[in-house]
Amino acid sequence: MRRVKAGGGWPAIWYALGKARQSGGLWRMYKALRSKNTCKTCALGMGGQLGGMVNEAGRFPEVCKKSIQAMAADMQGRIQPHFFDNFSLEQLRGLSSRELEAAGRLTEPLYAGPLDNHYRCITWDDALDRIAVKLKKTAPEETFFYFSGRSSNEAGFLLQLFARLYGTNNINNCSFFCHQASGVGLTTVTGSGTATVALDDIQRCDLLFLIGANPASNHPRLMRTIVEHRRRGGKVIVVNPLREIGLVRFKVPSDVRSLLLGSKIADVYVQPHIGGDIAFLAAVAKAVLERGAVDEQFVTNHTDGWDAFQGHIESLGWEELVKRCGVGRETIEHVAEIYAASQKTIFCWAMGITHHEHGFGNVQMIANLAMMRGMLGRAGCGLLPLRGHSNVQGMGSMGVVPKLKEAVFERLESTFGVTLPTSAGLDTLGSIGRADEGKVRFASCLGGNLYGSNPDSAFAARAMSKIDMVAYMSTTLNTGHAHGRGRETIILPVLARDEEPQATTQESMFNYVRLSDGGQPRHVGPRSEVQVIADLAQRVLGDSTPIDWESMRRHGRIREAIAEIIPGYEKIGAIDQTRQEFQIDGRTLHERKFPTDTGRAKFHVVDLPALAGTDNGELRLMTVRSEGQFNTVVYEEHDIYRGQDRRDVVMMHPDDIERFGFEVNQRVTVRSETGALANLLVRSIDIRAGNAVMYYPEANAIIPKRADPRSRTPAFKNTVVRIEPG
Ligand SMILES: Nc1nc2c(c(=O)[nH]1)N[C@H]1C(S)=C(S)[C@@H](COP(=O)(O)OP(=O)(O)OC[C@H]3O[C@@H](n4cnc5c(=O)[nH]c(N)nc54)[C@H](O)[C@@H]3O)O[C@H]1N2
Ligand SMILES: Nc1nc2c(c(=O)[nH]1)N[C@H]1C(S)=C(S)[C@@H](COP(=O)(O)OP(=O)(O)OC[C@H]3O[C@@H](n4cnc5c(=O)[nH]c(N)nc54)[C@H](O)[C@@H]3O)O[C@H]1N2
Ligand SMILES: [Mo]
């Protein structure tokens, strides 16, 4: 396949137009995208009350291919009435993620029991009764509640409340497979687990680090902000083992100049080894130290732990650092020179940083580098984890976590007059592990695809199959409904946010709360998530708690509770009247006062992790998203940015292809400690030699369940593999 020379541009526009035509015409798509609802894809938080395609700075038009794909998926017709008679469960397992999604919108509750070969439609009452009966006879500790990040704050809040009052803390979300390392890592530094900056800070900085993130594909609307940053004379340093074409050059579709001429993105493109970031960042820190470019005033007055950190960096030898990160001394010095000259730097990162056994250490090390030059606690500089799902951050704020923050726990108890369980709850990996031990009787999945997103797919399928009952609330079919079934499986069809009869809210990666107006349902059948949750709570808990579940059907009532209980969310209580979207109080850190025990930010000594896969016959494997997928939903088989026409490939450096005696397009087997994937095609790509790339979610067949012990984020980007011919 032809490799494009820049990301974005005309292909993105043609795609958008084509997709719009398929979903009932350009006008219909435009209207859907312009409706006052938060964009459905990434957590940049477009849309809301300013109208769709507008960002937090009021910029229009902001649109990306992914939001069009997500919208088109929701706008498609309903699943054909006889679909489930025609396709047995076994046949569903043979369908690809794209085929399942393209089958149409789910409109009727579905059921498959242990003896069934097919899903069959059941009534809502039947479905909800079955779930309620099951929950009533199950010990709460033998259940778990998984949440993806696309549902609303209101649904997230209500379901976690119900689950806790039912009696379990096994409440978790996809963040545990995503940015958990960022949340846990940042909390040890600033006392707060989210971004320290708001969107307009990016418009004020003079240097951006993009570490282990591919926004050209995954946060495309950030690209316009980055292009404008460079036009103002700002610099961009990319740190990524893989040379992502969209981070080299990008054509912003909504910017004529950029669209025609293309815009340069990276000023410096650093390609470390997979897992080499701590060594690289430590090396830059060492070079900054040696240049005498430390912000002594900030370090002395506003931080703890500097001496130990400085001592540690000084003790590291140059040779060792260069070897571990795989980046030459010259490049490190060049980066340090640019950084030392910067007045305002923002550090952005995503999954290339968190998906490691040392993900937590990665995040702490980024923060160390920022703090040593005083890039924290003032406007225009700071730390910005690029979040995934459009409301994954809101899920965390709403208490969709195994352990609530103390303030939230106390306020939940006092506001509602209830007693909450205090048992240690399970995180996502813990829940799946418990299921595999045969100790889970019931699992609820609010959106997402727990099977598909999980490492070690065979294990995930086996674990889910041991659960008595799995209940999904979903908009469309995905591989989880085929492979991630319990003995009994129930699928409840729900409305997308722009079909909700009542307004909903979402939280962006910039800690900004958006109001979505909702809209007309596109199909008869699906129900609002909040209504389904309230129905369940009434059936299971009835009047046994002081909570009036009937009143909780009103989103406005839920928002009043959120305003009382969730710190920083006070303004949500009146949002129906004010229609004012807002920045969450106490999160953006523009002052040099930090919500830690000492009021100061904290340096941490981060040990260099061993570089995995240094045996000559091994490669380190990362698993990534292509341009044409959203997580486990694959819309297109090809990946234009990486020049791939198919997904069953393993990409590596030309020198490695030669070293192993392979040829491009030769069929190989990739083997890890977990399993093997056969019949993959060898492809060449510009990645640091010694490292390889495959596509998620297919590669999860061979990704081990290894996780960062501190944040429990799986090491999806760092698997040692051997590659054999045939
Ligand atoms: N189109 C699209 N958009 C999305 C998504 C999607 O699937 N499709 N998913 C959403 C979600 S949930 C998320 S979390 C985000 C994900 O957004 P990203 O984190 O940008 O996505 P990934 O493809 O997982 O990989 C990120 C990058 O990390 C690099 N990388 C891998 N290993 C390392 C390493 O050891 N060090 C460094 N420095 N870099 C490394 C890879 O080369 C890749 O460029 O995107 C969100 N937006
Ligand atoms: N190997 C490997 N594995 C990974 C990753 C990786 O990079 N490599 N990335 C990880 C990351 S970052 C993440 S976030 C996880 C993704 O984990 P998940 O969030 O669990 O998975 P998704 O594929 O995003 O879920 C998509 C499904 O959500 C449902 N859905 C869509 N919209 C709605 C809605 O409005 N309401 C409801 N109720 N349902 C809806 C649809 O049925 C759709 O099929 O995967 C993780 N797994
Ligand atoms: Mo994610």
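Residues numbered from 1 in each chain as written. Chains lettered and ligands numbered in written order. Predicted model: local features only at pLDDT ≥ 70, side-chain atom pairs only at ≥ 80, totals over all residues. Heavy atoms only, no water.

Engineer: Hey, could you run me through the pattern of salt bridges in this one?
Structural biologist: Between side chains of opposite charge, a pair can form as their charged atoms come close. Within this structure, the stated rule accounts for 54 salt bridges. In this structure, Arg-98 engages Glu-637 in a salt bridge whose closest nitrogen and oxygen atoms are separated by 3.9 Å. On the criterion of sequence distance, the pair formed by Arg-98 in helix α6 (residues 97–102) and Glu-637 in the loop between β23 (633–634) and β24 (649–652) is long-range, its members being 539 residues apart. Between Arg-706 and Glu-673 there is a salt bridge; the shortest N-O distance is 2.6 Å. (Salt bridge = Lys/Arg side-chain N within 4 Å of Asp/Glu carboxyl O. Helix = DSSP H or I, 4+ residues; strand = E, 2+ residues; numbered from the N terminus.)

Engineer: Sorry if this is basic, but what is going on with the site of ligand 2 here?
Structural biologist: Around ligand 2, the structure places 30 residues, and the nearest of them are Tyr-146, Ser-148, Thr-632, Tyr-696 and Asn-700. Contacts to ligand 2 include Arg-150, whose side-chain N or O atom sits 3.2 Å from a nitrogen atom. Take Asn-700: an N or O atom from its side chain is 2.7 Å from a nitrogen atom of ligand 2. For ligand 2, whose free accessible area comes to 920 Å², the fraction covered by protein is 97%. Its residues assigned to classes, the shell around ligand 2 comprises 10 nonpolar, 16 polar and four charged. (Near = heavy atom within 4 Å. Polar contact = N/O pair within 3.5 Å; in protein donor to acceptor, adjacent residues only side chain to side chain. Areas by Shrake-Rupley, 256 points an atom, 1.4 Å probe, with all protein chains shown as cover. Nonpolar A, V, L, I, M, F, W, Y, C, P; charged D, E, K, R; others polar.)

Engineer: It is not clear to me how the pairing of strand β6 (residues 207–211) should be interpreted in this structure. Could you clarify?
Structural biologist: Of all the five residues making up β6, five are buried; the element is thus mostly covered by neighbouring parts of the structure. In β6, alternate side chains face the same way, and those of Leu-207, Phe-209 and Ile-211 on one face and Leu-208 and Leu-210 on the other are all buried. Pairing between β6 and strand β7 (residues 235–239): five bridges, direction parallel. Within β7, the residue paired with Ile-211 across the bridge is Val-239. (Buried < 20%, exposed > 50% of the residue type's maximum accessible area, 1.4 Å probe, protein only. Pairing = 2+ DSSP bridges.)

Engineer: Help me out: how do you make sense of the side chain of Arg-620 in this one?
Structural biologist: Within the secondary structure, Arg-620 sits in strand β21 (residues 618–624). Nearest to the buried, unbridged Arg-620 among oppositely charged side chains is Glu-618, at 7.2 Å. In this structure the side chain of Arg-620 is engaged in a polar contact, spanning 3.2 Å, whose partner is the backbone oxygen of Gly-613. Those residues in contact with Arg-620 that lie beyond four places of it in its chain are His-273, Ile-274, Leu-611, Ala-612, Gly-613, Thr-614, Ala-689, Gly-690, Asn-691, Ala-692, Asn-718 and Thr-719. (Lys, Arg positive; Asp, Glu negative; His and termini not counted. Contact = heavy atoms within 4.5 Å.)

Engineer: Help me understand the domain arrangement of the protein chain, please; the structure alone is not making it clear to me.
Structural biologist: Bring the parts together and some accessible area is lost; that lost area is often taken as the interface size. Along its sequence, the protein chain is carved into domain 1 (7–75), domain 2 (105–176 + 391–578), domain 3 (180–386) and domain 4 (618–725). If you average the C-alpha positions of domain 3 and of domain 4, the two centres end up 25 Å apart. Counting residues at the interface gives 29 residues for domain 3 and 28 residues for domain 4. With both sides pooled, the region where domain 3 packs onto domain 4 buries about 2,400 Å², and carbon together with sulfur makes up 56% of that total. When the buried area of domain 3 at its contact with domain 4 is split by residue, Ile-274, His-355 and Glu-357 rank highest and sum to 30% of it. (Domains from an automatic or database assignment. Buried area = accessible area lost by both parts, 1.4 Å probe.)

Engineer: Quick question: what am I supposed to make of the pairing of strand β16 (residues 488–493) here?
Structural biologist: In the case of a regular strand, side chains alternate between the two sheet surfaces. Most of β16 sits inside the fold, with six of its six residues counted as buried. Relative to β16, strand β2 (residues 110–112) runs antiparallel, the two sharing three bridges. Note on β16: the bridge partner recorded for Tyr-111 is Ile-490. By the bridge criterion, six bridges tie strand β15 (residues 469–474) to β16 in an arrangement that is parallel. Among the inter-strand pairings, Val-470 is bridged to a residue of β16, identified as Thr-489.

Engineer: Teacher, can you tell me more about helix α18 (residues 318–325) here?
Structural biologist: In an α-helix, one turn spans 3.6 residues, which is why side chains three or four residues apart end up on the same side. Among all positions of α18, only Trp-318, Leu-321 and Cys-325 are buried. The buried residues of α18 all sit within an arc of 65° when viewed along its axis, so they share a single face. Exposed and oriented more than 90 degrees from the buried face of α18 are Glu-319 and Lys-323. Taken together, the buried residues of α18 touch α15 (277–290) and α19 (329–341). At the exit of α18 stands Gly-326, carrying a positive phi of roughly 80°. (Arc of directions from axis to C-beta.)

Engineer: Can you help me understand the site of ligand 1 in this one?
Structural biologist: Within the structure, ligand 1 sits among 31 residues, and Asn-240, Glu-244, Asp-277, Gln-629 and Asn-631 are positioned closest to it. A distance of 2.5 Å separates an oxygen atom of ligand 1 from a polar atom in the side chain of Glu-244. Here Lys-717 contributes a side-chain N or O atom positioned 2.8 Å from an oxygen atom of ligand 1. Within the complex, 99% of the 920 Å² of free accessible area of ligand 1 lies under protein.

Engineer: Hey, could you run me through the nonpolar core in this one?
Structural biologist: Nonpolar side chains in soluble globular proteins tend to end up buried together. Ranked by size, the top nonpolar core spans 63 residues in total, and within it Phe-157, Phe-162, Phe-416 and Trp-549 carry the most contacts. If near-sequence neighbours (up to four positions away) are discounted, Trp-549 is found in contact with Leu-158, Leu-161, Phe-162, Leu-165, Ala-534, Ala-537, Gln-538, Leu-541 and Gly-542. Membership of the second largest hydrophobic core comes to 58 residues, among which are Leu-186, Phe-280, Val-335 and Leu-383. (Core = buried A, V, L, I, M, F, W, Y, C linked by side-chain atoms within 4.5 Å.)

Engineer: I keep staring at unusual backbone geometry and nothing clicks. Help me out?
Structural biologist: Both trends apply: most residues other than glycine have a negative phi, and most peptide bonds are in trans. The amide bond that connects Tyr-696 to the next residue, Pro-697, takes the cis arrangement and shows omega of 5°. Within the element layout of this structure, Pro-697 appears in the loop between β27 (691–695) and β28 (719–725). Backbone geometry places Asn-511, a non-glycine residue, at a positive phi of 65°. Topologically, Asn-511 is positioned in the loop between β17 (504–507) and β18 (512–516).

Engineer: Please clarify how the packing of aromatic side chains should be interpreted in this entry.
Structural biologist: The final tally for this structure, using the stated rule, is 17 aromatic pairs. Here Phe-209 and Tyr-339 contribute two aromatic rings whose centre-to-centre distance is 5.7 Å and whose plane-to-plane angle is 90°, an arrangement assigned as edge-to-face. Of the two residues, Phe-209 sits in strand β6 while Tyr-339 sits in helix α19, which places them 130 residues apart along the sequence. Take Phe-209 and Tyr-339: they sit in the same class, and that class is buried. Measuring from ring centre to ring centre gives 5.1 Å for Trp-306 and Phe-603, while their planes differ by 65°; the resulting arrangement is edge-to-face. A residue pair is termed long-range when its members are at least 10 positions apart, and Trp-306 in helix α17 (residues 306–315) and Phe-603 in the loop between β20 (601–602) and β21 qualify at 297 residues. The class for Phe-603 is buried, based on a relative accessible area of 5%. Among the aromatic residues, those joined into a ring-pair cluster are Phe-145, Phe-162, Tyr-166, Phe-442 and Trp-549. (Phe/Tyr/Trp six-rings, centres within 6.5 Å; stacked < 30°, edge-to-face > 60°.)

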